Structure formats: C-alpha cells, structure tokens
Amino acid sequence: MISPDRITPLSARERQNLRITDMRFCDIDTMPKRCTLIKLYTNAGIVGYGEVRDAATRTYAAMLKSRLLGENPLNVDKLFRRVKQFGFHSRQGGGVSGVEVALWDIAGKAWGVPCWQLLGGKFRDRVRVYCDTDVEGKHTGHDMGLALKKRMDMGFTFLKMDLGIGLLINEPGTLTAPLGFLEEMKTCASHSVSAPHGSMAPDQMAGKAYEINTVAHPFTGIRLTEKGLDLLEDYVRQTREVIGWDVPLAVDHFGHICVEDTIRFARRMEKYNLAWLEDVAPWHYTDHYVRLRNSTAIPICTGEDIYLKEDFQKLMAAGGVSVIHPDVLTAGGMLETKKIGDLAYEYGVMTALHMAESPIGAMAAVHVAAALPQVMAMEFHSADVPYWQDIANGLPRPLIQDGFITVPDAPGLGIESLNEELIQKLVCKNIPGVWEETSQWDGDICNDRLWS
Ligand SMILES: [Mg+2]
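Within any chain, residue numbers begin from 1 and follow the written order of that chain's sequence. Where local features are concerned, this predicted model is filtered to residues with pLDDT of at least 70; where side-chain atom pairs are given and counted, the filter is 80 or more; whole-chain, interface and lining totals use all residues.

Asks: Can you explain the overall build of the protein? Please cite residues and give values.
Replies: Under the scheme used here, helices are H or I runs from DSSP no shorter than 4 residues and strands are E runs no shorter than 2 residues, and both carry numbers assigned from the N terminus. Each helix and strand counted, the protein has 17 helices and 17 strands in total. Once C-beta atoms are placed from the backbone, any two residues with those atoms within 7 Å are in contact. Counting contacts in the protein only where the partners sit at least 6 residues apart, residues at least 24 apart contribute 74% of the total.

Asks: Please provide a residue-by-residue account of the sheet that holds strand β2 (residues 35-42), values included.
Replies: By the convention used here, strands pair only if DSSP detects at least 2 bridges between them. Taken together, 3 strands build an open sheet; the order of strands is β1-β2-β3 and the sheet is antiparallel. What marks the edges here is a single partner per strand, and that holds for β1 (20-28) and β3 (47-52). Ignoring which end each strand starts from, the neighbouring axes of this sheet average 20° apart. Pairing of β2 with β3, which is carried by 6 bridges, proceeds in the antiparallel orientation. Across the sheet, the residue bridging to Lys-39 is Tyr-49, located in β3. Note on definitions: angles span 0 to 180 degrees between N-to-C directions of axes, and those axes are lines fitted to C-alpha atoms, for helices only across the stretch in contact. Across the sheet, helix α5 (residues 94-111) is in contact with β2 and β3; its angle to β3 comes to roughly 155°.

Asks: Kindly report on the pairing of β1, identifying the contributing residues and their values.
Replies: Within β1, 7 of the 9 residues are buried, leaving the element largely enclosed by the surrounding structure. In the sheet, β1 pairs with β2 via 8 bridges, with the strands oriented antiparallel. By the bridge assignment for β2, Cys-26 is matched with Leu-37. The hairpin turn running from β1 into β2, its antiparallel successor, is 6 residues long, and Thr-30 in that turn takes a positive phi close to 65°. Burial is judged by counting the other C-beta atoms within 10 Å of a residue's own C-beta: 20 or more makes it buried, 12 or fewer makes it exposed, and any count in between marks it as partly exposed, with every C-beta position built from the backbone.

Asks: Outline the domain arrangement of the protein, supporting the account with residue identities and numerical values.
Replies: Boundaries of every domain are those given by an automatic assignment or by a domain database. Under the domain assignment, the protein is made up of domain 1 (12-112 + 422-441) and domain 2 (126-406). Contacts between domain 1 and domain 2 engage 31 residues on the former and 28 residues on the latter. Looking at the side of domain 1 that touches domain 2, the elements with two or more residues in it are β2, β3, α4 (76-83), α5 and α17 (420-426). The element contributing the most residues to the side of domain 1 that touches domain 2 is α5, with 7 residues. Taken together, the residues of the side of domain 1 that touches domain 2 sort by class into 15 nonpolar, 9 polar and 7 charged. As a working rule, the residues Ala, Val, Leu, Ile, Met, Phe, Trp, Tyr, Cys and Pro are called nonpolar, Asp, Glu, Lys and Arg charged, and the rest polar, with Gly in that last group.

Asks: For the pairing of strand β8 (residues 249-252), give the residues involved together with the corresponding values.
Replies: Both faces of β8 are covered, namely the face carrying Leu-249 and Val-251 and the face carrying Ala-250 and Asp-252. Looking at chain direction, strand β5 (residues 159-162) and β8 are connected through 4 bridges and run parallel. The partner of Asp-162 across the bridge, within β8, is Asp-252.

Asks: Lay out helix α15 (residues 334-347) with the relevant residues and their values.
Replies: Any helix carries an expected span of 1.5 Å times its number of residues minus one. Its 14 residues place the ends of α15 20 Å apart at the C-alpha level, agreeing with the 20 Å of an ideal helix rising 1.5 Å per residue. At the C-terminal side of α15, Gly-348 shows a positive phi close to 75°.

Asks: So what's going on with helix α13 (residues 309-318)? Which residues, and what values?
Replies: All of the buried residues along α13 are Lys-309, Phe-312, Leu-315 and Met-316. Each buried residue of α13 sits inside an arc of 125° when the element is viewed along its axis, so together they form one side. Opposite the packed face of α13, turned more than 90 degrees from it, sit the exposed residues Glu-310 and Ala-317. Those residues of α13 hidden inside the fold are in contact with α12 (286-295), β11 (323-324) and α15. Backbone geometry just downstream of α13 places Gly-319 in the positive-phi region, at approximately 80°. For this quantity, the arc is that covered by the directions from the helix axis to the C-beta atoms.

Asks: Residue-level account of the environment of Glu-346, with values.
Replies: Inspection of the secondary structure assignment puts Glu-346 in helix α15. A count of 10 C-beta atoms within 10 Å places Glu-346 in the exposed class. When the C-alpha positions of Glu-346 and Met-316 are compared, they lie 9.9 Å apart, and in sequence the two are 30 residues distant.

Asks: Break down the packing of helix α10 (residues 226-243) against helix α11 (residues 259-269) for me, citing the residues and quoting the values.
Replies: In a pair of packed helices, the angle between the axes and the distance between the axes together describe the arrangement. Orientation of α10 relative to α11, taken along the N-to-C sense of each, is 35°, at an axis distance of 10 Å. When you trace α10 past α11, the crossing you get is right-handed. On α11, the residues that touch Leu-229, Leu-232, Glu-233 and Val-236 of α10 are Arg-264, Phe-265, Arg-268 and Met-269. If you view the pair so one helix is near and one far, a crossing is left-handed when the near helix is turned anticlockwise from the far one by less than a right angle, and right-handed when it is turned clockwise.

Asks: I'd like to hear about the packing of α15 against helix α16 (residues 359-371), residue by residue, with values.
Replies: Packing of α15 against α16 leaves a shortest axis separation of 9 Å and a crossing angle of 35°. When you trace α15 past α16, the crossing you get is right-handed. Contact with α15, carried on its side by Met-334, Thr-337 and Lys-338, involves Ala-364, His-367, Val-368 and Ala-371 of α16 and no other residues of that element. When grouped by side-chain class, the residues that make up the contact of α15 with α16 number 4 nonpolar, 2 polar and 1 charged.

Asks: So what's going on with unusual backbone geometry? Residues and values would help.
Replies: Here the amide bond leading from Met-31 into Pro-32 is cis, since omega sits at 10°, within 30 degrees of zero. Following the sequence through the fold, Pro-32 ends up in the loop between β1 and β2. Cis geometry marks the peptide bond from Arg-397 to Pro-398; its omega dihedral reads -10°. For Pro-398, the location among the structural elements is in the loop between β14 (392-393) and β15 (400-401). Of note in the backbone geometry, Thr-30 takes a positive phi value of approximately 65° without being a glycine. Mapped onto the elements, Thr-30 comes out in the loop between β1 and β2. Positive phi, close to 75°, is recorded for Leu-308, a residue that is not glycine. In this fold, Leu-308 is placed in the loop between β10 (300-302) and α13.

Asks: So what's going on with the environment of Met-144? Residues and values would help.
Replies: Within the secondary structure, Met-144 sits in helix α7 (residues 141-154). The class of Met-144 is buried, set by 26 C-beta atoms lying within 10 Å. Once the C-alpha coordinates of Met-144 and Gly-348 are considered, the two residues, 204 residues apart in sequence, prove to be 32 Å apart.

Asks: Provide a residue-level description of the environment of Gly-244, including the pertinent values.
Replies: Here Gly-244 shows up in the loop between α10 and β8. Separated by 181 residues in the primary sequence, Gly-244 and Lys-425 have C-alpha atoms spaced 41 Å apart.

Here it is, written out as structure tokens:
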C-alpha cells in the first residue's frame, strides 16, 4: 500500500536514507494532446511528479525504472547522467526528461524549497506565456485574426499561429509537386496538411501514412508557386489587420518544403514583422538553418525536438538560429534546459520554451524560465481546455493571469497533489490503468556501459 504524497521537508537522516522505490504512470487525453504522467515514489512518502513529452509513450520512462530503483533521488545530476544514454531526440527524450523533472520535484519537497531555487535562484517573479492558436477547417486570415484577438482579450501578450501549405493544398495553382504526391498526402496523411496541426496522432505513424509523414522537407519535391505565396501573404495581411501591429506574432507548422522555398516565403513575410519562423526545416540540417537565417530578416527558430545541449550549441555556434525553443520534456529536463538557456544567452540567441503538456510539464517550464537570465515566453496550447489546470492541486487559480504565470514559492514544482478524480475521467481509452504497478520493469537491467 502506497502512503499519501508527502510534501513536508525531510530531516537530515531521512534525506540521507531517501531511496526511489517505484515508478508508475497514467495517460490522460484532451489536454489537448495525450499526456503521460509519472509518479516517482520514495521510501519517505514523497512522490515526485513528472511527465513524458506530449504524444510519446510511457515505455521511454518505464525502461529507466530498473536503473533508478534503490538510488537516492536527491543526486539528480548523478542519476540523470546514468540514464541520459536512453534518451534521444523529440519524443524519445521524454522518458529521461520526465524522470529528471520528477527527481527535481522530490528534491524540492525533501529540502522544502522550490525547484527554481535549486536551479540557482530566479530572475523574475512571473513568466510570460504565449498562446498557440488553431482555427479548424477552411478559413481566412481574418478568421485567424479574430481567434487571436480573443486570446488578446483573455490577456495574452504574445501570439502564435499555424501558417503553411495546409492552407494551400486544396487551392489550385498554389503548389507544385510530383504528380499524385499531394493526393497521397490528402488521403493517407491528412493530419499533416489540415489544421489544427501539432503532434502526430498514433495512426499517422503507421503504414502508408508513416511513409509519407517521414519524408523530410528537402525530399518532398513540393514547391510554392507565386499564387501560393500571394495567398499566404494575404492571409497574414488579413491577420495583422485584425490584431494590429503592437503584439508579437510567431508562425509554426509550415509544412515540408525545401529550404529555397522557405527563403522565398520568409522574404515575403518580412513586412509583417513576425516574431519568428518555427521549424521550417528539420533541426538537424544545420546548413539549411544557416542559409535560411542569412537570407531573411525574420528571426529563425527551432529546438522543440532537440535532446541535450550539444545539438543546440552546434546550431547556435554555426549561426543557424535567432531563437531557440527547447521543450523541457525533450531537452533532457530542467537542469539541461537551464544549461541550454545559459548557452543561448552567451550566443545572443533568444530563448522561448515549447510546452504542450499538462500542468506538470508547464510548471517544470515555469521553474526553468524563472531561473534563466533571459526568456521571452513559454508556450501554452490549452486555452480551450477549461479543466486543464484542474488536474493539479495547490497552484494559484487561475494559473495564467493576464498572460503570465506567477513563479511559485511552494516546494518542488509547487503542485501539492494531483486531482485523482479528474484524472480517472480523462484516462486514455486505449491506454487504461491509473498508477498501476509496473514490477515487470524492475528487473529490466543489462550491461549499460558504452565501451568494452
Ligand atoms: Mg512548434
């Protein structure tokens, strides 16, 4: 029987004897994406809350359990270095990162201090939140402007929208592609070309859809026509007409086109003063990013799929980005994201934080943002999910006020407990079970050494 989650600080002896005893999960839906929540249990009753990156799988974290059982969770960096080899880019970084967050939550609760204090103290008392906004189905730039205006009326001070070839795919004469390819995309991989975009649904990672969705930007052969560029330009002009020119507007989910057309698009967009262009090329093509950044006056942004600081450093050292956009739950967790933000500060590169997760992932991002010398804003994707905040108890209500989250002083992440009743209602139908035992992972151990 597991005791209720403890949040009172531990004595010196309890800290010395603290051990990890269990790791359990539940998957909830409609946050708006699928979120895998983690509980990391200890022998002192403290439970650390963590989360695997949105739309990933608990397997990425569960495989770490056998490497952590019996260890003192307060040695966060030591344990992170033990398991970091089992993470990788994008969702595959979600296990290591989510567990690292849970370790910091335990450390904060054990010492009775907030996570931002453990990361070096804070630079700010509240963190700006930018609001991602989708409009369903066929729509105009005016419609998007109205949706964004509603966000501004809610108090948000920084905006982002999707803008890309999904708006053109049913408009004749706007795209050139190997004949038949666009039709295949529409029938087999509709998610990649229809707003709202975002994480791939699991069924988009199987069969023919997998084949299409994994053709990267340089290889699709899709080209923008002048008519296509005219339509996209007119869309942004209409959007700006509604929201005005005072508020920053970032753009994401362009679609998979070659870097040359991305440059043509970026040059057309310069007059609309966009905050940044996000992920318009695969992040690992450093040369594409350098060409793009040197060809336009719009800030170029990437990073939500990069695991560990080394690849951020490579991009920044090459001059490929003006904005980095790490997700704490992919980058390697809270300390690694703090290191990434510190590096960006030295390179003169702006940091914004990607976040499309539950309040656990959100609070992990808030503590990191508080501890960074500069951060523009962190993302929020759940403005239309009224119960989003309700899964976590103990946070200020509403959590987001006038477009900011106040940095909490409570121990750990600042979450007292989880709303188990609500979690039960939100459990993914195809991944049932809440905090069920995971002993099948206890003995999953092998020779982890990377050399002989
Ligand atoms: Mg994005």
